[in-house]
Amino acid sequence: MQIKLLTIRQASNEIASSPDAIAQIMQEEAKVDRECLWCLHLNTRNRIIEKELISMGTLNCSVVSPREVFKKAILNSAASIILVHNHPGGSPNPSQEDIMVMKQLIKCGDILDIRVNDFIIITFDGYWSGRENYEEVFNNKIANLL
């Protein structure tokens, strides 16, 4: 009988230091021709443990389940995550659905004690960061979406 007590995943040297750094790390994924959602699992020093594709959708939508977002983050003992979503149409501005999903995942992360550090929308020529636009998202007209 083989007993496996502990698996340690080595973090990469990539540091999730800013939304711009994440956009650079995810530049190839920004070119995908359908909406996708990736989850970057981070250790306590914001080093990337794993980049996971959570969902691959269609030209303008992607299904997101909190269960799928956090399942592997829990298994990787991630301290936090960054969610990255692409917009093939080229506009990095979030839709109402993007904002609602972002808020739902932040709440789920709070319950699980896995912080959602950011929700970044990437395109082939730019990005939008939920963290950089926190005031707009949570304190203005967008806050009333839930």
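Residues numbered from 1 in each chain as written. Predicted model: local features only at pLDDT ≥ 70, side-chain atom pairs only at ≥ 80, totals over all residues. Heavy atoms only, no water.

**Some details on the pattern of salt bridges**
Put simply, the test is: Salt-bridge detection follows one rule: a side-chain nitrogen of Lys or Arg within 4 Å of a carboxyl oxygen of Asp or Glu. The way it works is that DSSP assigns letters per residue, a run of H or I at least four long becomes a helix, a run of E at least two long becomes a strand, and they are numbered from the N terminus. Using a 1.4 Å probe on the protein chains alone, a residue whose accessible area is under 20% of its type maximum counts as buried, one over 50% counts as exposed, and one in between counts as partly exposed.
Applying the stated criterion to the full structure yields 6 salt bridges. Of the charged contacts, one joins Lys72 and Glu50 as a salt bridge, the two residues approaching to 2.8 Å between their closest N and O atoms. In this pair, Lys72 is assigned in helix α2 (residues 66–75) and Glu50 in strand β2 (residues 48–56), connecting sequence segments 22 residues apart. For Lys72, a relative accessible area of 30% puts it in the partly exposed group. As a salt-bridge pair, Arg67 and Glu68 come within 3.8 Å of each other at their nearest N and O atoms. Ionic contacts of the salt-bridge type, sharing partners, join the residues Arg67, Glu68 and Lys71 into one network.

**Looking at helix α3 (residues 96–112)**
One full turn of an α-helix is made of 3.6 residues, so residues set three or four places apart face in the same direction. Counted only if it meets this: What a helix is expected to span follows from its residue count: subtract one and scale by 1.5 Å.
The end-to-end C-alpha distance of α3 is 25 Å, a good match for the 24 Å that 17 residues give at a rise of 1.5 Å each. All buried positions along α3 are accounted for by Asp98, Ile99, Met102, Lys103, Leu105, Cys108 and Gly109. Once α3 finishes, Asp113 follows within two positions and takes phi at roughly 60°, a positive value.

**Examining the pairing of β2**
Selection rule: The pairing criterion for strands is at least two bridges between them, as found by DSSP.
Bridge analysis of strand β1 (residues 36–42) against β2 gives 7 bridges, and the strand direction is antiparallel. Within β2, the residue paired with His41 across the bridge is Glu50. Linking two consecutive strands that pair antiparallel, namely β1 and β2, is a turn of 5 residues; a positive phi of about 60° is found at Asn46 within it.

**Some points on the nonpolar core**
Rule in force here: Only buried Ala, Val, Leu, Ile, Met, Phe, Trp, Tyr and Cys residues count toward a nonpolar core, and they belong to the same one when joined by side-chain atoms within 4.5 Å. Here, two residues are considered to be in contact whenever any of their heavy atoms come within 4.5 Å of each other.
Membership of the largest hydrophobic core comes to 19 residues, with the highest contact counts inside it found for Cys39, Val69, Phe70, Ile81, Leu83, Met102 and Trp128. Mapped by element, the contributors of at least two residues to this core are β1, α2, β3 (80–86), α3 and β4 (115–123). No other element matches α3, which puts 4 residues into this core. Aside from chain neighbours lying at most four places away, what touches Val69 is Leu37, Cys39, Ile54, Val64, Ile81, Leu83 and Leu105. One finds Ile25, Leu40, Ile82 and Ile120 within the second-largest nonpolar core, a separate group that totals 14 residues.

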